[in-house]
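Okay, here's what each chain looks like letter by letter:
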Amino acid sequence: MIAFISDIHSNWPALEAVLADIDAIGDVERIICLGDVIGYGPHPVICFETVARRCSLVLMGNHEHAVIHGPYLFNPQARRAIDWTKETLYATLHGDKRSQVLSLLENLPIRHEIGDILLVHASPRDPVMEYILESDLWEGANPAKMEEIFAAFDHLCFVGHTHRAGVFTEDWCFLHAADVPEFDVSDGRYVINVGSVGQPRDRDPRACYVLFTGDAVYFRRVSYDIDAVAGDIRANDALGNRSAERLYRGE
Ligand code: ZN
């Protein structure tokens with residue numbers, strides 16, 4: 001079994017709770033992270049170090065890309081968080097650990113294939129930046145976009161990025177994770193959004209991740225200590241209260 005985690009966003013209590021859940025399950029062979037380990041939250045160093053240690057693969061998210069190349073197209077608050085994250089990573093890490101972490105960060109792959117399964121942070125067309133949204137399925141929205149996305153992989157495509165867990169089907173439906181906590185993917189083609197560990201935006205504030213057996217996906221929701229991370233966000237002038245408040249509402 002593979003565990004897919006994504007969009008941790010420097011939320012250590014959420015990551016710790018998810019890893020404890022994975023460890024308690026017991027037969028997870030590997031953990032794969034689909035990107036955005038950092039950004040928004042107050043714990044970039046421990047989150048990045050832990051993901052680097054526990055995951056067999058980490059993909060490049062747009063927040064890692066922003067730390068390396070600059071926070072273009074980010075709103076002012078996300079931009080301040082990126083600047084603070086970069087300063088913190090560079091100031092906290094020293095010696096061999098610093099070069100290991102920074103070289104991993106700078107060399108994260110943007111896509112990975114396991115047989116007929118494609119893994120990206122965002123979208124097959126634009127692996128780091130493009131959002132695949134429920135609104136892309138609405139009548140007249142942008143059929144060419146979904147057709148191109150589904151033409152870019154053979155069987156399954158796992159993504160994160162929107163922080164909204166669920167399954168896009170090839171007949172243009174989006175199934176919310178809450179409605180399909182277990183979903184058979186043995187046949188057909190699906191885009192599976194694994195949700196967000198550290199900043200869910202589907203109105204369920206619990207951390208979200210996915211277990212994949214090869215035939216089915218299981219959306220897992222894990223409660224964690226939101227007060228702890230929200231307190232650390234509020235105590236940090238660079239991060240802004242909205243990043244704390246949204247965690248309680250899952251938005
Ligand atoms: Zn994200």
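As shown above, the structure is provided for reference.
Here is what the cut-offs are and how they apply
- Residues numbered from 1 in each chain as written.
- Predicted model: local features only at pLDDT ≥ 70, side-chain atom pairs only at ≥ 80, totals over all residues.
- Heavy atoms only, no water.
- Helix = DSSP H or I, 4+ residues; strand = E, 2+ residues; numbered from the N terminus.
- Contact = heavy atoms within 4.5 Å.
- Areas by Shrake-Rupley, 256 points an atom, 1.4 Å probe, with all protein chains shown as cover.
- Lys, Arg positive; Asp, Glu negative; His and termini not counted.
- Charge placed at Lys NZ, Arg CZ, Asp CG, Glu CD.
- Donors = N, O, S within 2.8 Å, 3.2 Å for Na, K, Ca; no water.
- Tetrahedral: all angles 85-135°; square planar, octahedral: opposite > 155°, others 65-115°.
- Pairing = 2+ DSSP bridges.
- Axes fitted to C-alpha atoms, helices over the stretch in contact; angles between N-to-C directions.
- Phe/Tyr/Trp six-rings, centres within 6.5 Å; stacked < 30°, edge-to-face > 60°.
- Buried < 20%, exposed > 50% of the residue type's maximum accessible area, 1.4 Å probe, protein only.
- Lys NZ or Arg CZ within 6 Å of the ring centre and 35° of its normal.
- Expected span 1.5 Å × (residues − 1).
- Polar contact = N/O pair within 3.5 Å; in protein donor to acceptor, adjacent residues only side chain to side chain.
- Salt bridge = Lys/Arg side-chain N within 4 Å of Asp/Glu carboxyl O.

Observations regarding the overall build of the protein chain
Scanning the protein chain from N- to C-terminus turns up eight helices and 12 strands. Once the C-alpha set of the protein chain is aligned to its principal axes, its extents read approximately 50 × 40 × 35 Å. Intrachain contacts of the protein chain at a sequence separation of at least 6 include 70% that bridge at least 24 residues. For the protein chain, the exposed area adds up to about 10,700 Å²; of that, 48% sits on carbon and sulfur atoms. Looking at charge distribution, the protein chain has the averaged site of its 22 positive side-chain charges lying 6 Å from that of its 38 negative ones.

Here's the deal with the coordination of the zinc ion
Here the zinc ion is held by the protein donor atoms D7 (OD), H9 (NE2), D36 (OD) and H163 (NE2), which lie 2.0 to 2.4 Å from it. With four donor atoms in place around the zinc ion and angles of 86 to 175° between them, the coordination shape is irregular.

Let's talk about the sheet that holds strand β8 (residues 174–176)
Here we have six strands laid out as an open sheet, ordered β4-β5-β6-β10-β7-β8, and mixed in their pairing. Two strands in the sheet have a free side with no partner beyond their single neighbour: β4 (111–114) and β8. Between one strand and the next, the sheet's axes are offset by a mean angle of 20°, whatever the strand orientation. Bridging between strand β6 (residues 156–159) and strand β10 (residues 190–193) involves four bridges; their strand directions are parallel. The residue of β10 that forms the bridge with C157 is V191.

Here's the deal with the packing of aromatic side chains
Aromatic ring pairs are described here by two measures, namely the spacing of the ring centres and the angle between the planes. Tallying each qualifying case throughout the model produces seven aromatic pairs. Where F150 meets W172, the ring centres are 5.6 Å apart and the plane angle is 80°; that geometry is what we call edge-to-face. Taken as a pair, F150 in helix α6 (residues 143–151) and W172 in the loop between β7 (166–169) and β8 lie far apart in primary sequence, 22 residues in all. Residue F150 is classed as buried on the basis of its relative accessible area of 4%. The residue whose ring lies beneath R246 is Y40, and the NZ or CZ to ring-centre distance is 5.8 Å.

Considering helix α4 (residues 76–92)
Over its 17 residues, α4 runs 24 Å from end to end, which matches the ideal 24 Å to within 8%, given 1.5 Å per residue. Taken together, the buried residues of α4 touch α2 (44–54), α3 (62–69) and α5 (95–106). One side-chain oxygen of the residue at the start of α4 lies 3.1 Å from the amide nitrogen of Q77, identifying that residue as N75.

What to know about the pattern of salt bridges
Across all of its chains, the model carries 14 salt bridges by this definition. Across the salt bridge formed by R220 and D21, the nearest N and O atoms sit 3.0 Å from each other. One end of the pair, R220, is in strand β12 (residues 216–222); the other, D21, is in helix α1 (residues 12–25), and 199 residues separate them in sequence. In this structure, E251 and R249 form a salt bridge, with 2.9 Å as the shortest nitrogen-oxygen distance. Overall, E251 belongs to the partly exposed group, its relative accessible area being 23%. The structure contains a network of salt bridges with shared partners spanning D202, D204, R206 and R221.

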